[in-house]
Amino acid sequence: MKIKKGDRVRILSGKDKGAEGEVLEAYPTRGRVLVEGVNRVTKHVKAGQTARGSQTGGIETHEASLDVSNVALLEDGKPVRVGYRIGEDGRKVRVSKKTGKDV
């Protein structure tokens, strides 16, 4: 997967198309990413009690994951496609397809 935690991305499709945010988590086995402030969903949480006796629960909003194909990595504020090359030390390095620079 070419998108990693901490990358700045733009949403390409869906209800939040055009929005930008930072990747909070990446799930490579599922091919999904969690982007800050994007794809917010409401979740109903069952009421319970904490150790001090206060009530918890209610309606919460939080980010849901997106498919990695619906986001593009941003380089200098513009979306770019990402490729790989082998660096001098033998490691795989992410490279911008548009400019050829390391990401």
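Residues numbered from 1 in each chain as written. Predicted model: local features only at pLDDT ≥ 70, side-chain atom pairs only at ≥ 80, totals over all residues. Heavy atoms only, no water.

If you check an unreviewed UniProt entry, the protein chain appears there as Large ribosomal subunit protein uL24 from Salininema proteolyticum. According to its UniProt record, the protein chain has this under Sequence similarities (unreviewed entry): "Belongs to the universal ribosomal protein uL24 family." In its Subunit (unreviewed entry) section, UniProt records this for the protein chain: "Part of the 50S ribosomal subunit." (UniProt positions renumbered as here; feature names shortened; annotations may be inferred.)

Enquirer: Before we move on, can you summarise the overall build of the protein chain with the specific residues and values?
Expert: Secondary structure assignment for the protein chain yields zero helices and ten strands. Considering only C-alpha atoms, the protein chain reaches an extent of 60 × 30 × 20 Å along its principal axes. Within the protein chain, buried positions represent 26% of all 103 residues. At a minimum sequence separation of 6, the contacts of the protein chain that also span at least 24 residues come to 42%. Charged side chains of the protein chain number 22 positive and 14 negative; the gap between the two group centres comes to 4 Å. (Helix = DSSP H or I, 4+ residues; strand = E, 2+ residues; numbered from the N terminus. Buried < 20%, exposed > 50% of the residue type's maximum accessible area, 1.4 Å probe, protein only. Contact = heavy atoms within 4.5 Å. Lys, Arg positive; Asp, Glu negative; His and termini not counted. Charge placed at Lys NZ, Arg CZ, Asp CG, Glu CD.)

Enquirer: Got a sec to walk through the environment of Ser54? Specific residues and values, please.
Expert: Structurally, the position occupied by Ser54 is in the loop between strand E4 (40-49) and strand E5 (55-63). Not counting residues within four places of it along the chain, the set of residues in contact with Ser54 comprises Gly48 and Gln49.

Enquirer: Tell me about the side chain of Arg94, residues and numbers included.
Expert: Take Arg94: it is sitting in strand E10 (residues 92-96). For Arg94, a relative accessible area of 12% translates into the label buried. Among the polar contacts made by the side chain of Arg94, one reaches the main-chain carbonyl oxygen of Lys2 at a distance of 2.7 Å. Discounting chain neighbours no more than four positions away, the residues touching Arg94 are Lys2, Ile3, Lys4, Asp7, Leu73, Val82, Gly83, Tyr84, Lys101, Asp102 and Val103. (Polar contact = N/O pair within 3.5 Å; in protein donor to acceptor, adjacent residues only side chain to side chain.)

Enquirer: Account for the UniProt feature "domain: KOW" (unreviewed entry) in the protein chain, naming residues and giving values.
Expert: With numbering aligned to this structure, UniProt lists the feature "domain: KOW" (unreviewed entry) at residues 2-29. A distance of 12 Å separates the end C-alpha atoms of residues 2-29, which is 0% helix and 43% strand.

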